[in-house]
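Summary of structural features
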Amino acid sequence: MTALFGGKRVYKDDARVNCYGTLDEVNSTIGLLRTKLSADHPWQDNLHRIQKDLMDMMSHLARPSDCTKENTNPRPVEGAAFCEQWIDQLEAAMTTASDYFLLPGGNEVSALCHVVRTQMRRGERLLVTLMREDTVEDYIPAYINRLSDLFFTLSRAEMDKAGVAEEKWQLFLYKRKKQAE
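From a predicted model like this one, the values you see are computed outputs, not experimental measurements.

This brings us to the packing of aromatic side chains. Using the criterion set out here, one finds three aromatic pairs in the structure. Taking the centre distance of 6.5 Å and the plane angle of 85° together, the rings of W43 and W86 count as edge-to-face. Highlighted residues: W43 in the loop between α1 (15–36) and α2 (44–61) and W86 in helix α3 (residues 79–93), separated in sequence by 43 residues. Each member of the pair, W43 together with W86, is buried. Linked through ring pairs, W43, F82 and W86 together constitute an aromatic cluster. In this arrangement the basic side chain of R49 is found over the ring face of F82, its NZ or CZ atom lying 3.9 Å from the centre. The ring of F5 is capped by K69, whose NZ or CZ atom sits 5.1 Å from the centre of that ring.

Let's shift gears to the environment of S38. Here S38 shows up in the loop between α1 and α2. Taking relative accessible area as the criterion, S38 reaches 38% and is therefore assigned partly exposed. Spatially, the C-alpha atoms of S38 and L171 are 34 Å apart, while their sequence positions differ by 133 residues.

The full count for this structure, using the stated rule, is twelve salt bridges. With a shortest N-O distance of 3.1 Å, E108 and K36 are connected by a salt bridge. Linking E108 in helix α4 (residues 108–133) with K36 in helix α1, this pair joins segments that are 72 residues apart in sequence. The residue R75 makes a salt bridge to E137 at a minimum N-O spacing of 2.9 Å. Of this pair, R75 sits in the loop between α2 and α3 while E137 sits in the loop between α4 and α5 (139–162), and the two are 62 residues apart along the sequence. Linked through salt bridges whose partners overlap, the residues forming this network are E84, R121, E124, R146 and D149.

Quick look at the packing of α2 against α5 now. The N-to-C vectors of α2 and α5 enclose an angle of 150°; their axes lie 12 Å apart at closest approach. Judged on the interaxial angle alone, α5 and α2 are roughly antiparallel. The chirality of how α2 crosses α5 is left-handed. Within the contact between the two elements, α2 uses L47, I50, D53, L54, M57, H60 and L61 and α5 uses Y139, I140, Y143, I144, L147, L150, F151 and L154.

The rules behind the values
- Residues numbered from 1 in each chain as written.
- Predicted model: local features only at pLDDT ≥ 70, side-chain atom pairs only at ≥ 80, totals over all residues.
- Heavy atoms only, no water.
- Phe/Tyr/Trp six-rings, centres within 6.5 Å; stacked < 30°, edge-to-face > 60°.
- Helix = DSSP H or I, 4+ residues; strand = E, 2+ residues; numbered from the N terminus.
- Buried < 20%, exposed > 50% of the residue type's maximum accessible area, 1.4 Å probe, protein only.
- Lys NZ or Arg CZ within 6 Å of the ring centre and 35° of its normal.
- Salt bridge = Lys/Arg side-chain N within 4 Å of Asp/Glu carboxyl O.
- Axes fitted to C-alpha atoms, helices over the stretch in contact; angles between N-to-C directions.
- Parallel < 35°, antiparallel > 145°, perpendicular 65-115°, else oblique.
- Left-handed = near helix turned anticlockwise from the far one by under 90°.
- Contact = heavy atoms within 4.5 Å.

This is the structure we're talking about:
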């Protein structure tokens, strides 16, 4: 058993605990990613912000809707917009568009971005399970969804910057349909 925000005790495999526990894994992997980057790397400040935002979101996910104790931690309600802006900046600086499903890898930083992306997707699936049981503030699923796309874009940006060719698996379905026409 473990305690949620406000003191309620639940099993450690509770949907809420699974969800914020997975986001905790994501946060740890982002920490590892940050250690692979120089202290003055241009991603450091944004990744640091994401880590703090994840901590705040986890604290809100740990609070059931029937809890009477108020959670005064910040709510990163602009998180999804922050991700979109960063994605747009990264894509504008890249030399190629994203038209293919890619095999994760390339170099260590790119591969770590893919690990974060897949962990985030797992967290998103667990969040959907939690949302069937209790209410979750709208900014959380929006931010979580955009974070996985951001880390895909970060992986591509790293490969582009390093001059490493992406390992393409398959053209996106909508692109294949367009070619067939």
